[in-house]
Amino acid sequence: MDLLLVMVLLFTFNLANSEDLKITFWVEPVQRADFDADMLVVLKELDALRLDVKVADTSLTLTRSEDGLDMERFCEILSTVGTSAVIDLTYRHWEEGYNLVRSLGIGYVRLERIMRPFLDMFGDFMRQKRANNVAMVFMNARDAGEAMQQMLIGYPFRTIILDASQTDPGQNFLERIRSLRPPPTYVALFARAAAMNGIFDKVQKAGLFQRPLEWHFVFLDTRDRVFKYRRQAELCTRFTLSPRAICRSMPMPDLYCGSGFTIQRAMLLNVLRSLINAAQVSHLYPSAIYRDCNATASSSEAGDSLEDDYNWLDMVHWSNFLTYASPPPRVQDPSQSPVPGLTFAVNISAGYYSSEHEAKTDLAAWSSVAEMRLLNETISPAKRFFRIGTAESIPWSYLRRNERTGELLRDRSGSPIWEGYCIDFIIRLSQKLNFEYEIVAPQVGHMGEVNERGEWDGVVGDLIRGETDFAIAALKMYSEREEVIDFLPPYYEQTGISIAIRKPVRRTSLFKFMTVLRVEVWLSIVAALVGTAIMIWFMDKYSPYSSRNNRQAYPYACREFTLRESFWFALTSFTPQGGGEAPKAISGRMLVAAYWLFVVLMLATFTANLAAFLTVERMQTPVQSLEQLARQSRINYTVVKDSDTHQYFVNMKFAEDTLYRMWKELALNASKDFKKFRIWDYPIKEQYGHILLAINSSQPVADAREGFANVDAHENADYAFIHDSAEIKYEITRNCNLTEVGEVFAEQPYAVAVQQGSHLGDELSYAILELQKDRFFEELKAKFWNQSNLHNCPLSEDQEGITLESLGGVFIATLFGLILAMMTLGMEVMYYKKKQNTLEITQVRPVGESSSSSTAPPTATSTTKQAWHIPVPEDDEKPEKKVSPPPSFEAATFRGKKLPARITLGDGKFKPRQGLYSRRNLGASDSQGGYME
């Protein structure tokens, strides 16, 4: 009785709702929110169309649990509400439910994923660009889930799928894109126009939007014109839908596709309209099927139902907006449905943002029923992008700083500016291989050292962890590094370790030449000069054979060696001009000969000592090698702390200790053949042990800049800096005070490093070899180690000869003599004028003329009574005496002899101050005329 009542009620309910088309939707949990919102809009749109058939929808969210909950809920819908058709929106095929639907004869329609056409289109476009890795960002979890399902079909590139709606710190798409290693070649944003604005705003604020050609904007609706960042996104690729074409294919008014339009709403509306139209034209209205899953049905009933009701879907005529998707390539996968799914048929145009007209910026057009059609000849791929590791090391790679303050300089975007040998190398390499790059400095460490746990830091550590794609830095090829990374052909051959020291500052002195001889020697020379002068005067005065005391033997004019003349003779004997006329006496000449021998020896000694003194001073250098540096204790030396140079000495110290221990075990433990090891009493010098001890006592510096500054501050050249030879040579070209001593040791090349097995190794190696062939590295070497800078340095004495500061005293002495001579001249003039004013002027009368008869004024023949020693009468009353004039020059010279014809005389006038007459005693006193040469 109860069963009969239930059947009557169900029949009555079915008759009452015979005009309603009962549709059951299968949806995924991630689709639930969007589906409910879209169905509300779609039902209102169906009501606005005033169709005769109403749609009663029921939805089932599949949890796919193993307890059979999904089947129970579906059976409940079948038993209570019933259904005329099932529209499957799920991502994976529900085999159990599908078999039940087919067995009951219920219509089944499968809708493909909304994102599949967009993903197929984007895959074709990326194939044209030959992309290898792409980051795809979706606006919500549903779209990201559909993209994950697309992976079952496969992408033509390596991809990472991100959900922009995730706000968790570990799931934030901005942080994940920033941390991707290697960074993606392309980034694609899949969103509706309103959501696209918000996503791009976050990307721009995070500083991720740097290379426009790598970014792609896929709009999932027709409102792409509301995107407000067109100017910022110039040259970015955009994928848009044509609203007019979509509305015409549905068919719907153009206004429908202008606002509030989504692909899922359009698909649901078209599917429901098509089902309603099929139900209206069907000869048998598709009534809802009710079935209690617990009750058994006869096979005839099931067959009748399948024959009468299931085939009504054959009457469905889909609109132009809908089409069947191509079958999945892997139908054997149980997650794929055996029934082809419906998808939307649209044309998606690809272009790029630009200020030009859209017709000029279109790249391609894609249709779901045809392949991608290129509007331009090719779609050029974006430049590859690499993260290149490097570390500060002058002159290889360093940050630009203010020369005065040392402040770090930045570009317009706020990023530091890199310069150096390696940076120029990177620029040339990027031009040659057509890629873009970002320079990455290590956060911890420098070039790379391994700790106790086997972890690497610095440039090597970043390369191992994938933080960088390859490294171009001052990276030396060590065996332990070659175990974890691969080195390419060297770009700089054989650099090593060298020693930098300051050029000794020589003390300049104007009287440097005086330091050749000691003070006591100079005093002895002065004493010899004074003593010799006095002895010459003494011998000339008292020797009977001197010209002064033996005038009969020397009637001609001779030099009179007064005390003044003796000093002058002794002083001028030191000059190349010589002292002049020597004494006439043999004793005086012997004294002068001995004195001349003394002068010659002293001048030769001074000249030789001066040359040797200047030569030895120029050749003075503190040390010439590392061995000399280790053996001395005056010069302190150090290295950069924890640098490759520091590690070199640590390793050498360890090697010395190991060799010593091995020798000790070999020699001391040999009981029988101990005599054979006597030649090896101590084969290890412990040189590097002493060097390392001296380095630690001098405190290693923090960086090379501090080391060079310390060397420059020690003007006495008592501080040395052991560092990379290439960097030392570079610093010498910039600092004239520094010099390099010794030879380069521990030579090793610099090379580019890549990850082990990296695909970039062959390409980079070939490019490096081509640059070597083009002599590019020689150009870089000439640029950064510019020897022409040394021409701006002041020349040292060994380059330009003896400087003025060294021999300036000679010029000062000459100037002092000139000043003293001018002062003496002034005194002579003043003395002469004073003497002239005190002299009595007397008129000289001619012979035979009375003195009284001469009253004429004095004439030009008047002179003093001292001239020529002519005696004058002391008393005018005494008779005058005839005074004969002095003999003529001919009579005095040739003494009455006949004048030879070959001798030409002067003008015949008497010259009282010349010749022999000046030496004769014609009056009461001797002549006052001096010796004249």
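A few points on the structure. Quick caveat, the model's predicted, so the values are computed rather than measured. Residue numbering note: each chain is counted from 1, following its sequence as written. Per-residue local features of the predicted model are confined to residues with pLDDT of at least 70, and side-chain atom pairs are confined, for both listing and counting, to 80 or more; whole-chain, interface and lining totals are unaffected and use all residues. Each side-chain value is derived from all of the structure's non-hydrogen atoms; neither hydrogens nor water enter the calculation.

**Brief notes about the overall build of the chain**
Defined as follows: The way it works is that DSSP assigns letters per residue, a run of H or I at least four long becomes a helix, a run of E at least two long becomes a strand, and they are numbered from the N terminus. A simple rule labels every residue: compare its accessible area, found with a 1.4 Å probe on the protein chains alone, to the largest value its type can have, and call it buried under 20%, exposed over 50%, or partly exposed in between. By the convention used here, residues are in contact when the closest approach between their heavy atoms is within 4.5 Å. Note on areas: Shrake-Rupley, 1.4 Å probe, and residue coverage restricted to the protein chains presented here.
In terms of regular secondary structure, the chain is built from 28 helices and 25 strands. Here the chain, with 933 residues, has 41% of them falling under the buried criterion. A sequence separation of at least 24 residues applies to 71% of the contacts in the chain between residues at least 6 apart. Carbon and sulfur atoms provide 55% of the accessible area of the chain, an area that totals close to 53,400 Å².

**Things to note about the side chain of Ser397**
This is how it is decided: By the criterion applied in these results, polar contacts are pairs of N or O atoms within 3.5 Å in which, for protein atoms, one can donate a hydrogen and the other can accept it, and in which residues neighboring in sequence qualify only through two side-chain atoms.
Mapped onto the elements of the fold, Ser397 is located in the loop between β15 (384-389) and β16 (398-399). A residue is classified by how much of its surface remains accessible, and Ser397, at 0% relative accessible area, is buried. Polar contacts involving the side chain of Ser397 include one to the side chain of Thr390, which spans 2.8 Å. In this structure, Ser397 is in contact with Thr390, Ala391, Glu392, Trp418, Glu419, Gly420, Cys422 and Ile423, ignoring residues within four places of it in sequence.

**Description of a nonpolar patch on the surface**
Selection rule: To count toward a patch, a residue needs a relative accessible area over 30% and no salt bridge; like charges are then connected within 9 Å, while nonpolar side chains (Val, Leu, Ile, Met, Phe, Trp, Tyr) are connected within 5 Å. A pairing counts as a salt bridge when a side-chain nitrogen of Lys or Arg comes within 4 Å of a carboxyl oxygen of Asp or Glu.
Residues Leu815, Phe816, Leu818, Ile819, Leu820, Met822, Met823, Leu825 and Val829 make up a contiguous nonpolar surface patch of about 890 Å² in total accessible area. Relative to the elements of secondary structure, Leu818 occurs in helix α27 (residues 804-838).

**Examining the sheet that holds strand β6 (residues 158-163)**
Put simply, the rule is: Strands are labelled as partners when DSSP assigns at least two bridges between them. Helix axes use the C-alpha atoms of the stretch in contact, all axes being lines fitted to C-alpha atoms, and the angles between their N-to-C directions lie in the range 0 to 180 degrees.
Ordered by their spatial adjacency, 8 strands build an open sheet running β6-β5-β7-β8-β9-β12-β13-β14, and the pairing between neighbours is mixed. Edge positions in the open sheet fall to β6 and β14 (370-374), since each of these has one partner strand only. Averaged over all neighbouring strand pairs, the angle between strand axes comes to 15°, with direction disregarded. Here 5 bridges tie strand β12 (residues 347-352) to strand β13 (residues 362-367), and the two strands are oriented antiparallel to one another. Each bridged residue has a counterpart across the sheet, and for Ser349 the counterpart in β13 is Ala365.

**Remarks on the pattern of salt bridges**
Across all of its chains, the model carries 32 salt bridges by this definition. Salt-bridge contacts for Glu28 lead to Arg64; the nearest nitrogen and oxygen are separated by 3.1 Å. Within this pair, whereas Glu28 is found in the loop between β1 (20-27) and α2 (32-49), its partner Arg64 is found in the loop between β2 (54-61) and α3 (69-80), the two being separated by 36 residues in sequence. Here Glu28 falls in the buried class, since its relative accessible area comes to 9%. Accessibility expressed as a relative area gives 23% for Arg64, which makes it partly exposed. The partner of Arg238 in a salt bridge is Asp362, and the shortest N-O contact between them spans 3.8 Å. With Arg238 in strand β9 (residues 237-241) and Asp362 in strand β13, the pair connects residues that are 124 residues apart, well separated along the chain.

**Some words on the sheet that holds strand β20 (residues 485-502)**
Pairing in this open sheet of 7 strands is mixed, and the strands run β18-β15-β19-β23-β20-β22-β21 from one edge to the other. The open sheet has two free edges, formed respectively by β18 (435-440) and β21 (636-638), since each of these has just one partner strand. Of the pairings in the sheet, the one linking β15 to strand β19 (residues 470-471) comprises 2 bridges and is parallel in character. Note on β19: the bridge partner recorded for Ile388 is Phe470.

**Looking at the side chain of Arg113**
Our working definition: As used throughout, the charge tally considers Lys and Arg to be positive and Asp and Glu to be negative, leaving His and the chain termini uncounted.
Within the secondary structure, Arg113 is located in the loop between β4 (107-110) and α5 (116-128). Although Arg113 lies buried, it forms no salt bridge, and the closest oppositely charged side chain, Glu112, sits 4.4 Å away as judged by the N-O distance.

**Regarding the nonpolar core**
Put simply, the rule is: Nonpolar core, defined: a set of buried Ala, Val, Leu, Ile, Met, Phe, Trp, Tyr and Cys residues in which side-chain atoms within 4.5 Å join the residues together.
Among the nonpolar cores identified, the biggest contains 102 residues, and Phe122, Met136 and Phe217 are the most heavily contacted of them. The biggest single contributor to this core is helix α10 (residues 263-281), with 11 residues. If sequence neighbours within four positions are ignored, Phe122 has contacts with Val134, Met136, Phe157, Ala188, Phe190, His216, Val218 and Phe239. Phe425, Val459, Phe487 and Leu760 belong to the second-largest nonpolar core, a separate cluster that totals 49 residues.

**Quick notes on helix α14 (residues 458-465)**
Burial within α14 is extensive, with 6 of its 8 residues counted as buried. All buried positions along α14 are accounted for by Gly458, Val459, Val460, Gly461, Asp462 and Leu463. Where α14 is buried, its residues meet β15, β19, α15 (479-482), β20 and β23 (738-755). After α14 finishes, the residue Gly466 shows a positive phi value of roughly 85°.

**Quick word on the pairing of β1**
Most of β1 sits out of view: 7 of its 8 residues are buried. Pairing between β1 and β2: 8 bridges, direction parallel. Each residue of the ladder has a partner; that of Ile23, found in β2, is Asp57. Sheet analysis places β1 next to strand β3 (residues 85-88), joined by 4 bridges and oriented parallel. Each bridged residue has a counterpart across the sheet, and for Ile23 the counterpart in β3 is Ala85.

**Points about the packing of helix α16 (residues 519-542) against helix α17 (residues 563-572)**
The line we're drawing: Our angle categories are set so that under 35 degrees counts as roughly parallel, over 145 as roughly antiparallel, 65 to 115 as roughly perpendicular, and the remainder as oblique. Two helices crossing with the near one rotated counterclockwise from the far one by less than a right angle form a left-handed crossing, whereas a clockwise rotation gives a right-handed crossing. All amino acids are sorted into three groups, where Ala, Val, Leu, Ile, Met, Phe, Trp, Tyr, Cys and Pro are nonpolar, Asp, Glu, Lys and Arg are charged, and the leftover types, Gly among them, are polar.
Where α16 contacts α17, the two axes come as close as 8 Å, and the packing angle between them is 135°. Put simply, α16 runs oblique to α17. In the packing of α16 onto α17, the handedness of the crossing is right-handed. Contacts between α16 and α17 pair Leu529, Val530, Ala533, Ile534, Ile536 and Trp537 from the former with Leu563, Ser566, Phe567, Phe569, Ala570 and Leu571 from the latter. Looking at the contact of α16 with α17, its residues break down into 11 nonpolar, 1 polar and no charged.

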